[in-house]
Amino acid sequence: MNMELEKLYSKGCGEMSADKKQIYIVDDDESVCRALKCLLMTFGFEVNTFLSAEEFFSAVPDSAQGSLIMDIHMKGLSGWDALKRITKSGFKRPVIIISADKNGGLREQAIKFEAVGFLQKPVNDQELIDLINKTYYMKKMKENRNSFSCPNKENDLKSEVK
């Protein structure tokens, strides 16, 4: 976990429990789906796996909460095309792209397509867990920032003077 997140956790923001974090895994390699599901369930995540992007889109509504871990190279709808579809839908589901492809520039392309991260297969377990937790933590911070409002002191002072 990076230093900024560690500081926020230590300042009383609280540690996030994993018990309500929904993860969707889309990869046409069933063994990758199984391995990632086992790993993530060990950390308390709710996990659903799909062997194609089409299967994911037909089963999971755009409004469903959760993060998506998705391979780039799949039969049918590719990870890139699926990511474009998610972006066009207007729903900001966090997406982590994974790939065994050693082609340089994939990380930059993933960020360009608004993925929150890119990991090379075989995925480092701790890096994946840290990225998922960071994603959920940043989303929680954004929600809290949007729902938090400070009282307008100037208006409060005016009402006290009256």
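You'll find the structure just up there.
This section reports on the structure supplied with the text. (Residues numbered from 1 in each chain as written. Predicted model: local features only at pLDDT ≥ 70, side-chain atom pairs only at ≥ 80, totals over all residues. Heavy atoms only, no water.)

## Notes on the nonpolar core
Counting 23 residues, the largest nonpolar core has V26, F56, L68, M70, L83 and I97 as the members making the most contacts within it. Of all the secondary structure elements, the ones that give two or more residues to this core are β1 (22-26), α3 (53-59), β3 (67-71), α4 (79-89), β4 (95-99) and α5 (106-112). No other element matches α4, which puts four residues into this core. Among all residues touching M70, those that are not within four sequence positions of it are V26, G79, A82, L83, V95, I96, I97 and I98. Counting 19 residues, the second-largest nonpolar core is a separate cluster that includes I23, I25, L39 and L119. (Core = buried A, V, L, I, M, F, W, Y, C linked by side-chain atoms within 4.5 Å. Buried < 20%, exposed > 50% of the residue type's maximum accessible area, 1.4 Å probe, protein only. Helix = DSSP H or I, 4+ residues; strand = E, 2+ residues; numbered from the N terminus. Contact = heavy atoms within 4.5 Å.)

## Points about the pattern of salt bridges
Taken as a whole and judged by the stated rule, the model has five salt bridges. Across the pair K84 and D81 runs a salt bridge whose closest N-O atoms are separated by 4.0 Å. Here K84 pairs with D81, and both are found in helix α4, just three residues apart, close to one helical turn. Here K92 ties to E114 by a salt bridge, and the two come within 3.1 Å at their closest N and O atoms. With a gap of 22 residues between them, K92 in the loop between α4 and β4 and E114 in the loop between α5 and β5 (117-120) connect regions that are remote in the sequence. Through salt bridges with shared partners, a single ionic network connects D27, D71 and K121. (Salt bridge = Lys/Arg side-chain N within 4 Å of Asp/Glu carboxyl O.)

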